[in-house]
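# Structural description and commentary
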Amino acid sequence: MYNTFSKIYDCSYLSRGMIYFINGTFYRFLYTNDSVRTQYFFEPLPGQRKRADLKLNQKKVRAMVHETGIRAMKHLAVGQNAIQLSLF
């Protein structure tokens with residue numbers, strides 16, 4: 001599964017609303033805080049086992065985050081083997 005996703009090497013490429021794969025779970029990128037220690041906030045997609053939001057620093061983003069190339073939509077379901085997007 002990791003082979004089909006591209007690794008994030010530059011945190012400036014994180015896009016709001018995109019879906020990322022982090023440690024076996026799909027997350028939606030929410031925002032960054034602009035402070036001395038920049039942190040990046042991710043929210044798990046509905047249907048995932050993990051329910052807590054993630055707060056990662058730049059080093060952890062580069063080590064753990066993989067881009068899926070899928071844009072988060074309003075109606076999104078995550079199943080055992082696939083992500084399903086609904087048109088309505």
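Reading the values: rules and limits
- Residues numbered from 1 in each chain as written.
- Predicted model: local features only at pLDDT ≥ 70, side-chain atom pairs only at ≥ 80, totals over all residues.
- Heavy atoms only, no water.
- Helix = DSSP H or I, 4+ residues; strand = E, 2+ residues; numbered from the N terminus.
- Buried < 20%, exposed > 50% of the residue type's maximum accessible area, 1.4 Å probe, protein only.
- Contact = heavy atoms within 4.5 Å.
- Areas by Shrake-Rupley, 256 points an atom, 1.4 Å probe, with all protein chains shown as cover.
- pLDDT = per-residue confidence, 0-100.

Within the protein, the regular secondary structure consists of 1 helix and 8 strands. Beginning at the N terminus, the succession of helices and strands in the protein can be written as β-β-β-β-β-α-β-β-β. Within the protein, the proportion of its 88 residues that are buried is 33%. Taking as baseline every contact in the protein between residues at least 6 positions apart, the subset at least 24 positions apart corresponds to 42%. Accessible surface, the protein as shown: approximately 6,300 Å² in total, 50% of it carbon and sulfur.

Across the protein, pLDDT averages 82, with 78% of residues at or above 70. Here strand β8 (residues 83-85) stands out as the least confident element of the protein, with mean pLDDT 55; strand β5 (residues 54-57) is the most confident, with 94.

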